[in-house]
Amino acid sequence: MRNLELMRPLVLQNIERLAEIQCSCINVDVGHVYGVRDDKFYALDPENGEIVYEVSLTDLLPPQCDDVSNPAVSCHYLSDLRQVVVAYSTGDVVSLQTTMCDPNTAGGLISDEALDCIGCIDAGIAAMEWSPDEELGAFLTGDGKLVLMTKDFDNLAETVVEVAEFGASAFVTVGWGSKETQFHGTEGKEAAKAGKKPVMPAKVWDDRRVRVSWRGDGQCLAVSCVSTENGCRKIRMYSREGVLLYTSEDVDGLEQALVWKPSGSLIGSSQRLPHRHDVVFFEKNGLRHGEFTLPFKRLEVRVCELLWNTDSTVLAVWCETLPDGIDEKSADLLPPSCLAHPPRHSYVQLYTFSNYHYYLKQQLEWKDESLQCVQWDPESALRLHVMTAGGQYCRYDWYLTTSVSPGLSPTNAVAVSVADGAKLLQTPLRQVVVPPPMSHRSVELPCPSSQCAAISASASAGDTGALSPGRYAVLLSDGRVAFYEEQALPAREQRGKDRCGFRLDTLPPPCLGIASIPHITDDGRWGGHCVRHLVWFDSRTLLCVAWDVNSCEDYLLALDVSFAKDDEESKVLLSLRCNVALDMPAHRLVVDIDHGVAALELSNASMWKVGLTEDSVDLSLSAWPCEGRSSPHPFAVAAPGLCLPVPCSNIAVCRMADQDVILSLTDHYRLFVNDIEIASNCTSFSLHNEYLVLTTHSHTCRCISLQTPMSELALLKDADRQQVDESVRRVERGSRIVGVVPFDTKLVLQMPRGNLETIHPRSLVLSAVRRNLNELQFVPAMDMMRRHRINMNLLYDYQPDVFLSNAELFVRQVDDISRINLFISDLKDEDVTVSMYTSCSNAERSATATSARTSAVTAGKTARVCDELRGALVAVDEKRFLHSILLTHIRKQPAELEEVLACIKRLTDSAQLSPSEVTDAIKFVLYAVEVNKLVDVALGMYDIDLVLMVAEKSQLDPKEYVPFLNSLRYMTSFDKYTIDMHLQRFSKALDHISMCEDKFDTAFELITTHHLYQQALRLYGKTPEYAKKIAEVYGARLTAEKRHTEAALVLCKFELFNQALPCAVKAVNWRQAMVISRKLAYEREAVVELAQTLAGALKSERSFSEAAQVLVDYAQDHAEAIAIALDGNLWEEAYRLMYRFDCEELVDRDLRPSLLSACQVQVTSLQTHHKTFAERTDRLGVVREQKIKLRKERLEMGLPPEGLDTDLYSDASSLASRSSSGSGGSNRSKQSARTAKNRRKAERKKYRLREGSVHEEEALLDSLSEIITTVDACRGDTAVMLRVLCSLDETERARDLQTVFAGILKLFSDKMTTIWKPVTASGAAAPAPLGPDATAADFITRHMQQTAAVELPVVGAPAPSFSEDLTSWRLSILSD
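Residues numbered from 1 in each chain as written. Predicted model: local features only at pLDDT ≥ 70, side-chain atom pairs only at ≥ 80, totals over all residues. Heavy atoms only, no water.

## Thoughts on the sheet that holds strand E7 (residues 83-88)
Moving on, step 1. Strand order in the open sheet made by the four strands is E6-E7-E8-E9, with antiparallel pairing throughout. In the strand order of this sheet, the two ends are held by strand E6 (72-78) and strand E9 (115-120), each with one partner. For this sheet, the mean angle separating the axes of adjacent strands, direction not counted, is 20 degrees.
Moving on, step 2. Bridge count between E6 and E7: six bridges; the pairing is antiparallel. Bridging from a neighbouring strand, Cys75 pairs with Val86 of E7. (Pairing = 2+ DSSP bridges. Helix = DSSP H or I, 4+ residues; strand = E, 2+ residues; numbered from the N terminus. Axes fitted to C-alpha atoms, helices over the stretch in contact; angles between N-to-C directions.)

Next comes the structure, spelled out in structure tokens:
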């Protein structure tokens, strides 16, 4: 649905030397256009409008080529050789070296060697055509031969064109399906016997010339010539080697034009039928494949040539009118000279193809002028060159665009206008999407259109949601402007019907009038192809750009549009308000009609803001502001404001983050916002009222919020999905945007084959939902969420407080039980604005609330919403919304099923519900709750009537539950116990059975079976007999679970001391055991024996201090107590006990040797730790220096530095080596490798100290951390040892120990900050900032800083806890 519009015309008039030019070619290297007329060669520079040089081909050629004054057949520029090859009808082939041409020399040539006569074909040359790769040239000789030559003019193949054979790829007949056996329908059997109709010969308007056309890949070529046998044209297809492949079928009325589509699919020509004039297409095998009809009468024009552009998107049809009075009968009697006079009109029509339909997009017309050459540019696909017989040169640059009514208002119909000749096909996307080539309505035009400019409709005051008339300004091919206005639709019941009975949904827009654009001078007139870029600036002002042929410059025009009625006829007047001459040609003109901003792009890619002065009399042009503008580029060296990277044909103006910006899409799919590139693979874009919507080459549709700050847009090009990117949706390959509907969710895409597809991107849907929720319009929001499968939790999560405060409004608006139930059923304890729809997070929430909602889990959300909604439902109508009220109880966690049944019973008892309504309510609950569970809940309420009411509505068999319920009809405590046991509610069962005094045995069995001891002790605590029995069993239970201390406490509480004492002893709770022995009145011997037993147990648990205390206090065994203290290195305690009990002899015999031995072991251990720590610290420094060196080398080579992923690479390589070693491993070994034991083993092996290993640094850090932790834990023991050594007069030993311990602590303190902190090379400066203004020098500086400053993160174990107090444990009397 794209139109072909004019971007820039270049019209040069009265170039006399180019008059009657015979052939032309284009030098894409320098932009020159070459023309040949007889023996003259001309080089035209279109930008300067001058003939650069002129060469006479007869003056400098050798004698054998002295006859080149005959007409030139063809010329071609060979870009590899930089020479022009010219073929003459006499058979001469001349080459001209363009690099030896100089306009400042006589004759235009530097050397005589520039011209060369390659050779001569005696039979003459009828046509010459070079392959697209310029490796082969095809020459058609005068005697009907095809000669293929290389670019060195070596003869490759020569064959006769007119032969009787079909070709090497002739169809094969297998003997069945002959014409005689086929069914001929109403024609009958006689049709099988009818002979073949003769083919009519070519008419007088056929020039009888041979045509040659190559396929785009250069592997095949087609030749069209008039047969000498029957006088009709035939098309033959040849291979690159000159082998005839196919011959076309005989086609009556086939004409001279021939073109092979560069994409290789079709061969085009023209055919004149009795009732119409067609452009027809053939397949490679010669069979017909489609056609389209030209918009002329049958005998009005003749088709001179057909030309496809290089990318096969546009077909040019070159036509000339036939003489007046010619008809079918007189055509054969007219002489060929009748066509030699200049035609009344010459046309060049441009067609595009989509969805099996050819659209006439542009029509160029020359009155009383014949065309000499029409040619597409070989490099620029949409550039057309035209030369006329009168010496006029025209160059037209086109671009493809979608014409959509502008504006982001909610009443914009988003009408897409598609040009198709003298019809304008319109489809309002907001109302309906009609697949092309059909349309919603068709506007008849007086002549083909050139451009359509629409102005957005505004909302009608009379009909909400209707559209008021919108106006269209259609630029016609003759330079005039036609104005149309949409008619307001009447009420639906008053609309008429068409002839088929369908109700009309639209009315054809009437023409308000046609006006011409006034010239800047009183006697001047704009040409038909010189006005372009017609846009509405406001409802009364049009802006356009016009090319003045006389001054050869562009003018920006502001036109006043006035509408009037005269004698009930509408008239339109266009008056020139003001104009501005542009310094250079205009490239595009676009308008943001919502904000009244216009932007003009010049051919040097500079952007200018267009506006009207305060008095609205003159136009003002100012440079487009651009903050943080990048450095100038070759296209805009002197531009003061915004300059695009390259001139772009696809641009738009919009407001982003309260700033007017330019959106531009280059031909290489780079999308820019001002000069910030946000996408490098964008294929199309469009504007929504909240989003910039674009499609990419990765077949995705992306939506970017228009509120995104400019500083964040640069992030989009660094990754596929960024925070500013609202959503990404997959689309079909090759999709392009046709239009997006503002204030709606509709996005219309066109597929490569031409059909349309409407999608609703998630971001647009969420935008509409947010808008409705902000306006408290819950019904449209809910409808949209249901239609597009949006989680209903968003209704609450978007604005929780607002929803809760408007819960009653929500109920009244929705007013639908099923929809309310849908919302309640979808509730879950999760914030979907965090987990699913991040774009819906409310920006008005405070920072603390936002930080608190980083987790998606919101505990208690469902219960909170259900409670609030239940209150609203009850307030509105409790009886009507009973099902929803019940569902709010069911959805809570845990479900409040008892409240559900209580609510039903309450309403039933109060006669508010009829029996049928009760049945419906219970059935509804049974949909959400399993029937047996609901019956159990009713039974647990001890209400037999309620149980019966639920059971009767279920599928349960009455034979199963009626006898059971009959046994419970009195509902005593034992009956309740029976119900609780049935429901396995054992705690409640114990409560009820405890009320039955004669049922203790049953209760005791329940207690022991289900271990309800604590509850039982509370219930039977006032009955000692029952309580002791329960406590004894409970104590045995705790003892079996090895909870001896708790068992002793329980048994002691109920005075079961004999059972409690063994429990205390097993718990090694010597204090509790001694208290119990006292309560049992143990004898002295028994107490000593108990104390010795407890001391042995304490010693085995290495509680030496408590063991010595027990022996001293209860066994009076002083010697054993001292021995235990010495075993536990309790030096001060042992020293105290020796003097307390007068055992001074033990000091020298036992204490001193043990203490000195322990001191020696401590000193040796500390020295070992000191040495090991120093060695591993030095090794750690070496390892880190090697890593820094390696990172520098990798940065200098442009490789990513090695970092935290080393483990991943190492493990992956090990895994790969193991997997490639063969298939000898078993499944059992693979499974065992996954066990926790093997994982721990592999982890230990990973951090094993081995020099040069990948994880050596981590292993060293772990080892150093372990040494520090071990030594730091010895502070207290060392201080005690120092004090006792001084007490025993072992000062030297104490001084040695203190010195060694102080030295290792000092080493730890010095190395801690070196080992556990990032390692950074000295002299590192702050990195150079990079951004839009970064230059090559900035990148070099940044690279040098990266290589000079390398920071390594700390790996391995974290720094251990180490006290910086180095003096509190020391003895100053030992200092030197």
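From this point on, the discussion continues.
## Regarding the pattern of salt bridges
Moving on, step 1. Applying the stated criterion across every chain yields a total of 55 salt bridges.
Moving on, step 2. Of the charged contacts, one joins Glu486 and Arg441 as a salt bridge, the two residues approaching to 2.6 Å between their closest N and O atoms. Of the two residues, Glu486 is situated in the loop between strand E35 (480-485) and strand E36 (511-516) and Arg441 in strand E32 (residues 441-444); the sequence distance between them amounts to 45 residues. Summarising the burial analysis for this pair, Glu486 and Arg441 share the class buried. (Salt bridge = Lys/Arg side-chain N within 4 Å of Asp/Glu carboxyl O. Buried < 20%, exposed > 50% of the residue type's maximum accessible area, 1.4 Å probe, protein only.)

## Some remarks on the sheet that holds strand E33 (residues 449-454)
Moving on, step 1. Strands sit in the order E33-E34-E35-E36 across an open sheet of four strands; the sheet is antiparallel. Each edge of the sheet is formed by a strand with only one pairing partner; in this case those strands are E33 and E36. Going from strand to strand, the sheet's axes swing by 20 degrees on average, the running direction of each strand aside.
Moving on, step 2. Sheet topology places E35 next to E36; five bridges connect them, and they run antiparallel. Paired with Val481 across the two strands is Ala515, which belongs to E36.

## Considering the packing of aromatic side chains
Moving on, step 1. Tallying each qualifying case throughout the model produces 30 aromatic pairs.
Moving on, step 2. Ring geometry for Phe778 versus Phe810: centroids 5.4 Å apart, planes at 85 degrees, classification edge-to-face. In this pair, Phe778 sits in helix H5 (residues 778-787) while Phe810 sits in helix H8 (residues 807-814), placing the two residues 32 residues apart along the sequence. The pair formed by Phe778 and Phe810 is uniform in burial state, with each residue classed as buried.
Moving on, step 3. Centroid distance Tyr796 to Phe803: 6.1 Å. Interplanar angle 90 degrees. Geometry classified as edge-to-face. An identical accessibility class is assigned to Tyr796 and Phe803; each is buried.
Moving on, step 4. What links up through ring pairs into an aromatic cluster is the set Phe281, Phe292, Tyr351, Phe353, Tyr356 and Tyr358.
Moving on, step 5. Directly above the ring of Tyr359 sits Lys361, whose terminal nitrogen or CZ lies 4.6 Å from the centroid.
Moving on, step 6. Between the NZ or CZ atom of Lys609 and the centre of the ring of Trp624, over which it lies, the distance is 4.9 Å. (Phe/Tyr/Trp six-rings, centres within 6.5 Å; stacked < 30°, edge-to-face > 60°. Lys NZ or Arg CZ within 6 Å of the ring centre and 35° of its normal.)

## Some thoughts on helix H36 (residues 1275-1287)
Moving on, step 1. Between its terminal C-alpha atoms H36 stretches 19 Å, which fits the 18 Å expected from 13 residues at 1.5 Å a residue.
Moving on, step 2. Regarding H36, the residues found buried are Arg1275, Thr1278, Ala1279, Val1280, Met1281, Leu1282, Val1284 and Leu1285.
Moving on, step 3. Backbone geometry just downstream of H36 places Asp1289 in the positive-phi region, at approximately 65 degrees. (Expected span 1.5 Å × (residues − 1).)

## Looking at the pairing of strand E27 (residues 383-388)
Moving on, step 1. Counting buried residues along E27, five of its six residues qualify, which places the element largely inside the surrounding structure.
Moving on, step 2. Taken together, the five bridges between strand E26 (residues 371-376) and E27 define a ladder with antiparallel strand orientation. Residue pairing across strands places Trp376 opposite Leu384, the latter belonging to E27.
Moving on, step 3. Connecting E26 to the next strand, E27, in antiparallel fashion are six residues.
Moving on, step 4. The pairing of E27 with strand E28 (residues 393-401) spans five bridges and is classified as antiparallel. Opposite Val386, over in E28, you have Cys394 as the bridge partner.
Moving on, step 5. Hairpin geometry of E27 and E28 is characterised by an intervening segment of four residues between the two adjacent antiparallel strands and by a positive phi of about 85 degrees at Gly391.

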